[in-house]
There are 2 protein chains.
Amino acid sequence: MGWVRTATAVVHHGAFVSLYRDSVLRPDGRPGTYEHVTVNDGVRVVALDDNGRVVLVEDDFYLQRRRVLHLPGGGCGGQSPQEAALRELEEETGLVAGDVHQLGVIDPMPAVTSARTFLFLATDLRPGLRRRDATEIGMTQQWRQFQDAVEAVRNGEITEAGSVAALLLAQPARR
Amino acid sequence: MGWVRTATAVVHHGAFVSLYRDSVLRPDGRPGTYEHVTVNDGVRVVALDDNGRVVLVEDDFYLQRRRVLHLPGGGCGGQSPQEAALRELEEETGLVAGDVHQLGVIDPMPAVTSARTFLFLATDLRPGLRRRDATEIGMTQQWRQFQDAVEAVRNGEITEAGSVAALLLAQPARR
């Protein structure tokens, strides 16, 4: 392993984002510093109904200053990825899933944070009880045929990394 | 637009990572704080040779404490995404590309940072001149048939978000 940590300092400890400055020996043996961030692991869910449609949500994103179309999902918040996926699906769409399995996992920015995004396929959908939280009151939802959602990835309408990866991975493998 | 910024404060200004704490009005109209990070935009390159093979690189990643297999790429560092893609390809693999076009763009962690990752397909490859930098001295490279690289995404061997998205997007669309 080329990198060695020799010390770590907390630059900022926040509710959602913390920043650390580590002292390191780099792969060439020289001393250096490495700043990195901790944030919650995340989840995204491809929820497919019995007619081959997938549910998408759209919401105001603060940093992008626009509405962003993406799969249901969010932060794990101390839950297992699968528990978080089912909770976020129900909060954001009102749906509970009878069947869920993991499609994969991605490292969104591995040079900046070790946080991962876990990707799920949920089926056997029925109405649930949980509601959106106060930051999600402008969220809207829409259903699209699965291949139309994949086309929305290909044409750049969907760009959120977990949604891009989950939709493309949910396609059957070709041989 | 549901979010309103009322003030911003620099928590930390670093060489690679900066952290801000904004005062906001949330979508429900209540005051709150929103912490976010700025980092370099990034690039990833699917470089395909005339035999249908793609070049992958593997390197020690500090935060993951293991070797990570991914497409050539890195930070834009003030260049345009396409210029950065060609520079990173040459630095990491010694290859220059006669033809390059953009496959797409992803938002790796849009709730945390507005940084984007730009995805390219490069062809017409030939040997170049540039070399790896000091942090990349343990980097190795390997060639795989394109469909084997896609399979490495599907089986979880490749998890870096830009590499996952670029390889899946480089597959021809199915109808």
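Residues numbered from 1 in each chain as written. Chains lettered and ligands numbered in written order. Predicted model: local features only at pLDDT ≥ 70, side-chain atom pairs only at ≥ 80, totals over all residues.

Let's talk about the overall build of chain A
Point 1. Within chain A, the secondary structure is distributed over 3 helices and 10 strands.
Point 2. Secondary structure elements of chain A occur, N-terminal to C-terminal, as β-β-β-β-β-β-β-α-β-β-β-α-α.
Point 3. Expressed as a percentage of its 175 residues, the buried residues of chain A come to 39%.
Point 4. Considering only contacts in chain A between residues 6 or more positions apart, those separated by 24 or more positions represent 58%. (Helix = DSSP H or I, 4+ residues; strand = E, 2+ residues; numbered from the N terminus. Buried ≥ 20, exposed ≤ 12 C-beta atoms within 10 Å, placed from the backbone. Contact = placed C-beta atoms within 7 Å.)

A closer look at the packing of helix H2 (residues 146–154) of chain B against helix H3 (residues 161–169) of chain B
A pair of packed helices is characterised by two quantities: the angle between their axes and the separation of those axes.
Residue and element names in this part refer to chain B.
Point 1. The contact between H2 and H3 brings their axes to 10 Å, and the two run at 135 degrees. In terms of orientation, H2 and H3 fall into the oblique class. In this structure, the crossing between H2 and H3 has a hand that is left-handed. Contacts between H2 and H3 pair Ala149, Val150 and Val153 from the former with Val164, Leu167 and Leu168 from the latter. (Axes fitted to C-alpha atoms, helices over the stretch in contact; angles between N-to-C directions. Parallel < 35°, antiparallel > 145°, perpendicular 65-115°, else oblique. Left-handed = near helix turned anticlockwise from the far one by under 90°.)

What to know about the interface of chain A and chain B
Point 1. With 49 residues of chain A at the contact, the number on the chain B side is 49 residues.
Point 2. Taken together, the elements giving at least two residues each to the side of chain A that touches chain B come down to strand S1 (4–13), strand S2 (18–25), strand S3 (31–38), strand S5 (53–61), strand S8 (95–106) and helix H3 (161–169) of chain A.
Point 3. In terms of residues, the side of chain A that touches chain B owes the most to one element, H3(A), which gives 5 residues.
Point 4. Split into classes, the residues belonging to the side of chain A that touches chain B amount to 29 nonpolar, 12 polar and 8 charged. (Nonpolar A, V, L, I, M, F, W, Y, C, P; charged D, E, K, R; others polar.)

A short note on helix H2 (residues 146–154) of chain A
All names here are of chain A.
Point 1. Listed as buried for H2 are Ala149, Val150 and Val153. Projected down its long axis, H2 carries its buried residues within an arc of 100 degrees, all on one side.
Point 2. Buried residues along H2 sit in contact with S5, strand S10 (140–145) and H3.
Point 3. Count one or two residues on from H2 and you reach glycine 156, which has phi positive near 85 degrees. (Arc of directions from axis to C-beta.)

Details of the domain arrangement of chain A
Point 1. Taken domain by domain, chain A holds domain 1 (4–38) and domain 2 (42–169).
Point 2. A straight line from the C-alpha centre of domain 1 of chain A to that of domain 2 of chain A covers 31 Å. (Domains from an automatic or database assignment.)

Remarks on the relation of the copies chain A and chain B
Point 1. Overlay of chain A on chain B (RMSD 0.0 Å): rotation 180 degrees, translation along the axis 0.0 Å. What the superposition gives is, in effect, a two-fold axis relating one chain to the other. Closest approach to the rotation axis within chain A is made by the C-alpha atom of A:Pro108, at a distance of 2.5 Å.
Point 2. The fraction of interface residues of chain A whose copies in chain B are also interface residues reaches 100%, indicating that both copies meet through the same surface. (Least-squares fit on C-alpha atoms with pLDDT ≥ 70 in both.)

Quick word on unusual backbone geometry
Residues and elements named next belong to chain A.
Point 1. Here arginine 65, not a glycine, exhibits a phi torsion of approximately 55 degrees, which is positive.
Point 2. Exposure remark for arginine 65: the 11 C-beta atoms within 10 Å place this residue in the exposed category.
Point 3. For aspartate 124, which is not glycine, the phi torsion reads 55 degrees and is therefore positive.

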